[in-house]
Amino acid sequence: MTASRTAAPIETATTNEHYPHLFEPLDLGFTTLKNRLVMGSMHTGLEDRFYNYGKLAAYFEERAKGGVAMMITGGISPNREGWLLPAGGTMNTKADVINHQRVTRAVHKHDSKLIMQILHSGRYGYHPFVLSSSPIKSPISPFKPRKMSIKNIEQTVKDYARSAKLAKQAGYDGVEIMGSEGYLLNQFLSRHVNKRKDIYGGDIEGRMKFAVDVVKAVRAAAGEDFIILFRLSVIDLVKDGNVMDEVITVAKALEEAGVTIMNTGIGWHEARVPTIVTSVPRAAFVDFTAEIKKHINIPMMAANRINMPETAEEIVANGQADMIQMARPFLADAHWVNKAKNGQTDRINTCIACNQACLDHTFENKRSTCLVNPQACYETELVYKKAKKPKKVAVIGGGVAGMSAAHVAALRGHEVTLFEAKDVLGGQFNYAKVIPGKEEFFETIRYYINELEHLGVDVKLNTKVDKDMLEKAKFHHVIVATGVVPRSLAGKLEGADLPQVMSYAELLSGEKSVGNTVAVIGAGGIGFDVSEYLTANHGKSLDEIGPDGLKDPSYRPEPQSISEWREEWGVTNEVDYQSEGGLVKPEAIKPIRQVYLMQRSKGRLGSGLNKTSGWVHRAHIKSHGVIQVAGVQYDKITNEGIWVTNGQGQSQLLRVDSVVVCAGQESVVELMPNVGDAPDAQYHLIGGAKLAAELDAKRAIRDGAEVAVQI
Ligand code: NAP
Ligand code: SF4
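Not measured: the values here are computed from a predicted model.

Lining the immediate surroundings of ligand 1 are 24 residues, of which Ile526, Arg600, Ser601, Gln665 and Leu695 lie closest. Between ligand 1 and glycine 524, the relevant distance is 3.4 Å, taken from an oxygen atom to a main-chain nitrogen or oxygen of the residue. Backbone polar atom of isoleucine 526 to an oxygen atom of ligand 1: 2.9 Å apart, as the coordinates give it. Calculation on ligand 1 without its partners gives an accessible area of 900 Å², and the protein chains cover 75% of this total. Grouping the amino acids of the shell around ligand 1 by side-chain chemistry returns nine nonpolar, nine polar and six charged. Split by domain, the shell around ligand 1 shows at least three residues from each of two domains, domain 2 (392-485 + 670-710) and domain 3 (487-665).

Quick look at the structure:
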């Protein structure tokens with residue numbers, strides 16, 4: 001097996017002029033990968049039911065068409081004990097082989113390779129049959145595992161081998177053995193769970209025996225002409241996790257046992273360090289991958305928070321990894337690879353690492369999709385077919401709902417005019433993008449602006465539409481995406497009209513500024529964002545960015561540096577880490593302001609935030625010294641501060657310089673006619689204009705696409 005380990009790709013007539021390292025083929029000896037880009041494993045929810053395999057095939061086929069060299073399926077358990085959820089996807093029988101063949105055949109039509117991931121969940125399983133190295137319950141499953149006997153372990157090794165053999169029969173090009181993120185093999189590899197004293201426990205030689213036995217058995221069962229990937233936990237990020245020397249020992253033993261490509265896993269699911277949310281800087285962990293690569297001879301794949309071609313190219317060019325695995329970026333854009341290959345980086349629909357429609361759905365047991373691409377996992381259902389008869393379509397409002405509607409309508413061949421009252425597109429995303437750690441939101445605005453231009457949408461900025469104008473223009477369809485305005489407390493709370501009181505929109509657009517002590521009214525997603533914005537001492541302030549910077553779609557703020565981010569979260573900056581699991585004591589943070597974050601309801605603040613990212617926001621405001629106040633009644637705002645009645649019925653003055661109101665939004669619907677009032681055009685109401693409560697970008701973008709496929 002050979003892999004390019006040189007920094008400069010060999011120049012050939014086919015060398016890619018944009019990203020030469022990413023598009024250099026990789027020769028594995030018995031087969032060749034056409035480029036260095038791999039779609040990592042994601043549980044979509046389609047793999048668990050045989051009747052969804054047609055949809056699963058369409059999902060993979062779309063990405064194969066998009067040019068990716070290799071893809072890895074969601075986790076398939078080798079046996080019942082290894083299920084993540086009851087009755088999860090399996091590869092145990094002839095019937096399984098037939099179902100999976102639908103998927104492998106679809107992918108192979110497009111010169112892409114498909115790898116089946118074998119994942120045994122161990123103690124992360126959500127069912128009563130769970131097993132692990134030691135009987136220690138995980139914090140993320142209610143079921144206490146049984147300790148595996150030696151017989152159980154030996155049988156499980158055979159189950160892996162049988163699954164791999166069946167995977168080969170089903171047409172897969174290889175398997176990935178999931179050995180990271182805290183799943184079963186990782187539970188054996190690390191002292192965090194493995195307290196055994198037998199041959200599968202003790203020092204690293206014993207703890208890695210199970211994983212090594214699995215690889216040997218899979219290689220023996222599947223033969224030499226079969227790709228075996230191993231997803232190795234290069235940094236556990238949990239107490240008693242492995243140190244770097246141990247990780248290297250495991251990597252070498254796995255190479256020896258027959259692994260073809262080593263993949264990177266970062267952190268256990270139970271780790272209290274974020275590893276993939278949007279506030280993690282891009283490529284934050286790549287140097288741990290690079291360290292392993294120095295010690296093995298097989299290709300090494302980098303992963304985690306890599307979402308754009310420049311980052312990926314730099315990693316391969318620097319020799320830090322041979323290949324790049326991205327998962328969510330392929331949900332966001334199935335054609336990411338071909339766009340990069342053709343130098344159309346600006347047209348990539350970038351994954352903003354929000355988790356809202358992918359990982360959060362998985363945890364809610366719902367089918368995954370993507371906030372910025374509602375077609376993901378709905379390839380056979382949300383189809384952007386060419387319109388039989390192009391129509392004249394007006395979209396009113398250039399927030400994400402309106403841009404999504406205009407985009408899909410134009411893709412379908414309609415003649416689209418998009419009206420926006422402000423001088424920029426993006427709507428509420430323009431507020432989100434200035435929150436430190438949400439820099440990726442700039443990318444979505446950039447994507448839509450470029451797509452609308454490319455598709456010839458007539459974008460009219462600074463244009464406030466009225467009903468007369470709409471009637472005169474004779475549109476066939478009018479899509480009202482006028483969005484929301486922040487809920488004002490003027491007239492409802494004494495003093496809410498004082499100059500030091502402002503909406504989050506006034507703060508985040510740079511219209512108003514705050515003093516050193518601030519009260520934030522409302523602890524929803526935006527109250528949290530604003531508290532993070534006001535206390536973070538990294539990221540650019542609006543003064544630094546300037547109003548023009550905010551409007552320029554090519555502008556990107558500097559994200560937090562990787563080393564600062566690691567210090568804040570207690571991750572070692574020493575790559576040859578001696579600390580177990582790569583954890584060190586977090587640096588104490590000096591917030592730049594004192595902030596009070598308040599809500600009227602009782603209970604924990606932020607309990608309504610999203611499952612997979614909410615804990616990061618809660619931890620963030622805690623470490624930034626935000627004082628959290630629940631169960632208050634707001635009495636009045638004066639020049640001294642804000643008077644509240646606390647949960648015990650006592651009146652209190654919080655002495656603050658400024659008050660920021662984050663009390664939700666109200667829909668703007670004035671352009672929506674009453675039924676029967678607009679006979680010449682069909683009107684459609686979408687996004688925040690349709691429903692301000694529970695407004696979120698996921699619904700807004702999907703609303704836009706769904707209305708546009710119906711016209
Ligand atoms: P929200 O989640 O509905 O929160 C509004 C907050 O304002 C609540 O805490 C509510 O709490 C308070 N409130 C409502 N009416 C009030 C009134 N009349 N007076 C005083 N307080 C009042 O809305 P949001 O924070 O504006 O977020 C909007 C949407 O954006 C969310 O649904 C979310 O989907 C999305 N978002 C999410 C994130 C994230 O996950 N990080 C970030 C930004 C936005 P009490 O009634 O208890 O006081
Ligand atoms: Fe990325 Fe968010 Fe889409 Fe998931 S939902 S793929 S995190 S943009």
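Past the structure itself, the notes keep going.
Looking now at the site of ligand 2. Neighbouring ligand 2 are the residues Arg328, Leu331, Cys351, Ile352, Ala353, Cys354, Asn355, Ala357, Cys358, Cys370 and Leu371. Partitioning the shell around ligand 2 into residue classes produces nine nonpolar, one polar and one charged.

Take the sheet that holds strand β22 (residues 633-638) next. By way of backbone hydrogen bonds, the strands of a sheet pair with one another, either parallel or antiparallel. With antiparallel pairing, three strands are arranged side by side in an open sheet as β22-β23-β24. The outermost strands of the open sheet, each flanked by one partner alone, are β22 and β24 (651-654). On average, each strand axis in the sheet is tilted by 25 degrees relative to the strand beside it, whichever way the strands run.

By the assigned domains, the protein chain splits into domain 1 (3-10 + 29-363), domain 2 (392-485 + 670-710) and domain 3 (487-665). Between the C-alpha centres of domain 2 and domain 3 there is a distance of 29 Å. Listed by partner, the interface residues are 18 residues for domain 2 and 23 residues for domain 3. The junction of domain 2 with domain 3 conceals about 1,800 Å² of combined surface from both sides, 66% of it contributed by carbon and sulfur atoms.

On to the layout of surface pockets. The calculated volume of the second largest pocket comes to roughly 1,500 Å³. For the second largest pocket, the lining is made up of 48 residues, of which Tyr183, His269, Leu359, Phe363 and Thr612 are closest to its centre. At the level of secondary structure, the elements contributing two or more residues to the lining of the second largest pocket comprise β12 (323-326), α10 (328-332), α12 (359-363) and α21 (611-623). Per-element tally for the lining of the second largest pocket: the top contributor is α21, with four residues. Of the residues contributing to the lining of the second largest pocket, the split by class is 26 nonpolar, 15 polar and seven charged. The residues that make up the lining of the second largest pocket include at least three from each of domain 1 (3-10 + 29-363) and domain 3 (487-665).

Quick look at the pattern of salt bridges now. Tallying each qualifying case throughout the model produces 37 salt bridges. The partner of glutamate 440 in a salt bridge is arginine 282, and the shortest N-O contact between them spans 2.7 Å. Within this pair, whereas glutamate 440 is found in the loop between α14 (429-432) and α15 (441-454), its partner arginine 282 is found in the loop between β10 (261-266) and α8 (286-293), the two being separated by 158 residues in sequence. The partner of aspartate 703 in a salt bridge is lysine 690, and the shortest N-O contact between them spans 3.9 Å. Placement of aspartate 703 in helix α23 (residues 697-709) and of lysine 690 in helix α22 (residues 687-690) is noted, with a sequence separation of 13 residues between them.

Turning our attention to α15. In a regular helix each residue adds 1.5 Å, so 14 residues correspond to 20 Å; α15 covers 20 Å between its end C-alpha atoms and thus fits that length. For α15, a buried count of 11 out of 14 residues is recorded, marking the element as mostly surrounded by other parts of the structure. Among the residues making up α15, those that are buried are Phe441, Phe442, Glu443, Thr444, Ile445, Arg446, Tyr447, Tyr448, Asn450, Glu451 and Leu452.

Here we take up the environment of glycine 241. Residue position: glycine 241 is located in the loop between β9 (227-235) and α7 (244-257). When its relative accessible area of 0% is taken as the criterion, glycine 241 is described as buried. In sequence terms glycine 241 and glycine 647 are 406 residues apart; their C-alpha atoms lie 42 Å from each other.

Rules behind the numbers
- Residues numbered from 1 in each chain as written.
- Chains lettered and ligands numbered in written order.
- Predicted model: local features only at pLDDT ≥ 70, side-chain atom pairs only at ≥ 80, totals over all residues.
- Heavy atoms only, no water.
- Near = heavy atom within 4 Å.
- Polar contact = N/O pair within 3.5 Å; in protein donor to acceptor, adjacent residues only side chain to side chain.
- Areas by Shrake-Rupley, 256 points an atom, 1.4 Å probe, with all protein chains shown as cover.
- Nonpolar A, V, L, I, M, F, W, Y, C, P; charged D, E, K, R; others polar.
- Domains from an automatic or database assignment.
- Pairing = 2+ DSSP bridges.
- Helix = DSSP H or I, 4+ residues; strand = E, 2+ residues; numbered from the N terminus.
- Axes fitted to C-alpha atoms, helices over the stretch in contact; angles between N-to-C directions.
- Contact = heavy atoms within 4.5 Å.
- Buried area = accessible area lost by both parts, 1.4 Å probe.
- 1 Å grid on protein atoms, 1.4 Å probe; cavity = no way out; pocket = protein on both sides within 12 Å on 5 of 7 lines; lining within 4 Å.
- Points joined across faces, edges and corners; volume = space filled by probe spheres on them.
- Salt bridge = Lys/Arg side-chain N within 4 Å of Asp/Glu carboxyl O.
- Expected span 1.5 Å × (residues − 1).
- Buried < 20%, exposed > 50% of the residue type's maximum accessible area, 1.4 Å probe, protein only.

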